[in-house]
Amino acid sequence: MTTTTFCTSRDQIAGLGVSELAARFGTPLYVYDIETMYQRVSELSSFDVIRYAQKACSNLAILDRLRRRGVVVDAVSAGEIRRALAAGFGADPSRHEIVYTADIFDVESLELVCKHALQVNCGSPDMITQLGEVRPGADVTLRINPGFGHGHSQKTNTGGEQSKHGIWHSQIDECLRRADQTGITVTGLHMHIGSGTDLEHLSEVCEAMERAALEVGRTLKTISAGGGLPVPYKSDESYVDLERYFELWDASRNRLSERFGHRLNLEIEPGRFLAAESGHLIAEVRSVKRMGDNLFVLVDAGFNDLARPVMYGAYHPISVAGCGGSAADRESVDVVVGGPLCESGDIFTQREGGYVDTRHLPAPRVGDFLVLENAGAYGFVMSSNYNSKQRAAEVMIEDGEAKLIRERETFDDLVRGEHIPD
Ligand code: LLP
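Residues numbered from 1 in each chain as written. Predicted model: local features only at pLDDT ≥ 70, side-chain atom pairs only at ≥ 80, totals over all residues. Heavy atoms only, no water.

A.B. asks: Explain the overall build of the protein to me, please; I cannot follow it from the model alone.
C.D. replies: Along its length, the protein carries 12 helices and 20 strands. Taking 22 Å as the expected radius of gyration for a compact globule of 422 residues, we find that the protein reaches 23 Å, a close match to that expectation. Across the 422 residues in the protein, those meeting the buried criterion constitute 56%. Within the protein, residue pairs in contact and separated by at least 24 positions form 71% of the contacts whose partners lie at least 6 positions apart. (Helix = DSSP H or I, 4+ residues; strand = E, 2+ residues; numbered from the N terminus. Rg over C-alpha atoms; globule rule 2.2 N^0.38 Å. Buried < 20%, exposed > 50% of the residue type's maximum accessible area, 1.4 Å probe, protein only. Contact = heavy atoms within 4.5 Å.)

So, in structure tokens, the structure goes:
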């Protein structure tokens, strides 16, 4: 079991100075170390296909670089389909470089799926019928809800009766009948039970997949283990034993392949695992103030930039980059870290339910930078313009060089499309 140690002081990201990055690109700033993503890709290479769940971090440059490493993508909306196309995926539809996974079609996504002959992973029986009306004879994948799920938060659990996701496991037969009506063939099965889960829950999926696959039968060519692989956010957390995880899935795949008389492809669909640890959010300390017993450190990034703490009580490691010298020798103090938004919930150190926690950090001073770590997955992509904040810039570090991959939003971006009628 691998555990990780997080330091509370850091001056560099992938060899480049935090203060220099902040001076050059401004703050708040997302910085991704692309090498970390490549490392994670290589750790999953036993799977036949790595399908990146781009919802975790969908900047075009990141998508492009992953594509060049042989990774394909999942798209959950028309916008994500367009991003994938813009990043060069989809040239050869037979490779299923883009799979549209959702529980509904909206008008635009159905149009795009047809126009580019994309594979669809149907999360509702209605999708089968709707696709059949416009693309009779298509191949589809079914996303099955196996009746159980698990995530780091109830909000990221995507299985069981309380989840809106997927086709209920006992409805497979009905779906096959629906598919028959328009000549649709079910060539793939997919199960994703939640995000940030653990090996115990993940491994239950293999058995459920085998049962479902036997119901569908030999038209199947692909099974997908979904995403959900956790990454450590705290020092006492660890990675899933990937070898063991692969072995479990490989054994299921082999049993099914033998039964069907042809080899099934085994896919994995990670988002967090590929993106989380590559990303860092740099924010500048703008005020250090005492409120009774609590010392508040207020930075220029808020939940408009990184929503995970306010949304799930998610823990992100935080480190201090001292302005004008390392913070490593400073005495450590307990602080509450908050942002600039006009809302009391704008706190990065909170537990689920909104309870404020403290963090033991080398005493931060105004002008220092805080680095919110492991922010690459569900960080920038969940950012918003709340309080009329402009979204942060994004930078990718590649070959030791910092490259701007998204400009900081401007005021014009903020009000684009707004009209004041006469
Ligand atoms: N596949 C499907 C169909 C999914 O719905 C998801 C995540 C993934 C793959 C990737 O899951 P991952 O490998 O990243 O666990 N905003 C939340 C996470 C929501 C995940 C939604 N679906 C968070 O910040 O924790």
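Now that the structure has been shown, the text picks up again.
A.B. asks: Teacher, can you tell me more about the site of the ligand here?
C.D. replies: Taken together, 20 residues sit near the ligand, with His152, Ser195, Glu269, Arg308 and Tyr378 positioned nearest. At 2.7 Å from an oxygen atom of the ligand is found a side-chain nitrogen or oxygen belonging to histidine 152. A total of 590 Å² of accessible area belongs to the ligand in isolation, and the protein chains cover 92% of it. Spatially, the ligand is embedded in the largest pocket. (Near = heavy atom within 4 Å. Polar contact = N/O pair within 3.5 Å; in protein donor to acceptor, adjacent residues only side chain to side chain. Areas by Shrake-Rupley, 256 points an atom, 1.4 Å probe, with all protein chains shown as cover. 1 Å grid on protein atoms, 1.4 Å probe; cavity = no way out; pocket = protein on both sides within 12 Å on 5 of 7 lines; lining within 4 Å. Sits in = over half its atoms within 2 Å of the grid points.)

A.B. asks: Help me understand the packing of helix H7 (residues 172–181) against helix H8 (residues 199–216), please; the structure alone is not making it clear to me.
C.D. replies: Relative orientation and spacing of two packed helices are given, respectively, by the angle between their axes and the distance between those axes. Where H7 meets H8, the axes come as close as 10 Å, and the angle between the chain directions of the two elements is 35°. By crossing handedness, the relation of H7 to H8 is classed as right-handed. The segment H7 lies against H8, with Ile172, Asp173 and Leu176 engaging Ala212, Glu215 and Val216. Of the residues contributing to the contact of H7 with H8, the split by class is 4 nonpolar, no polar and 2 charged. (Axes fitted to C-alpha atoms, helices over the stretch in contact; angles between N-to-C directions. Left-handed = near helix turned anticlockwise from the far one by under 90°. Nonpolar A, V, L, I, M, F, W, Y, C, P; charged D, E, K, R; others polar.)

A.B. asks: Explain the packing of aromatic side chains here, please?
C.D. replies: A ring pair, where both rings are aromatic, is described by two values, the distance of the centres and the angle of the planes. Overall, the coordinates contain 7 aromatic pairs when judged by the stated rule. Note on tyrosine 100 and phenylalanine 105: the rings are 5.7 Å apart at their centroids and 10° apart in plane angle, and the pair reads as stacked. Taken together, the ring pairs in this structure connect Tyr30, Tyr32 and Phe380 into an aromatic cluster. Stacked on the ring of tyrosine 38, the Lys or Arg arginine 69 has its end atom at 3.6 Å from the ring centre. Sitting over the face of the ring of tyrosine 315, arginine 359 holds its NZ or CZ atom 3.8 Å from the ring centroid. (Phe/Tyr/Trp six-rings, centres within 6.5 Å; stacked < 30°, edge-to-face > 60°. Lys NZ or Arg CZ within 6 Å of the ring centre and 35° of its normal.)

A.B. asks: What is the right way to read the layout of surface pockets from this model?
C.D. replies: Any empty space left between the atoms is revealed when a probe the size of a water molecule rolls over them. Roughly 830 Å³ of volume is contained in the largest pocket. Lining the largest pocket are 37 residues, with Lys55, Thr158, His165, His192 and Tyr378 positioned closest to its centre. Its residues placed into classes, the lining of the largest pocket shows 12 nonpolar, 16 polar and 9 charged. There is about 530 Å³ of room inside the second largest pocket. (Points joined across faces, edges and corners; volume = space filled by probe spheres on them.)

A.B. asks: Which parts of the structure should I look at to understand the environment of glutamate 80?
C.D. replies: The topology assignment puts glutamate 80 in helix H4 (residues 78–86). For glutamate 80 and glutamine 54, which are 26 residues apart along the polypeptide, the C-alpha to C-alpha distance reads 7.5 Å. Non-local contacts of glutamate 80, meaning those with residues more than four positions away in its chain, are made with Gln54, Lys55, Asp74 and Ala75.

A.B. asks: Can you walk me through the packing of H4 against helix H5 (residues 107–115) in this structure?
C.D. replies: One way to put it is that H4 packs onto H5 with a least axis distance of 8 Å and a crossing angle of 35°. Within the contact between the two elements, H4 uses Ala78, Ile81 and Arg82 and H5 uses Glu108, Ser109, Leu112 and Val113. Of the residues contributing to the contact of H4 with H5, the split by class is 4 nonpolar, 1 polar and 2 charged.

A.B. asks: Looking at this structure, I do not really get empty space enclosed by the protein. What am I missing?
C.D. replies: According to the stated counting rule, one finds 1 cavity of 30 Å³ or more in the structure shown. When its volume is computed, the largest cavity comes out at roughly 40 Å³. If you trace the largest cavity, you find it lined by Gly90, Asp92, Pro93, His96, Glu97, Ile98, Ala117, Leu118 and Gln119. A per-class count over the lining of the largest cavity returns 4 nonpolar, 3 polar and 2 charged.

A.B. asks: So what exactly am I meant to see when it comes to the pairing of strand E4 (residues 49–53) here?
C.D. replies: Counting buried residues in E4 gives 5 out of 5 residues, a clear majority hidden from the surface. Here E4 shows two buried faces, one formed by Val49, Arg51 and Ala53 and the other by Ile50 and Tyr52. In this sheet, strand E12 (residues 265–268) lies alongside E4 in parallel orientation, the contact comprising 2 bridges. Residue pairing across strands places isoleucine 50 opposite isoleucine 268, the latter belonging to E12. Strand direction decides the pairing type here: E4 and strand E5 (residues 72–75), joined by 3 bridges, are parallel. Its bridge partner being in E5, tyrosine 52 is matched across the sheet by valine 73. (Pairing = 2+ DSSP bridges.)

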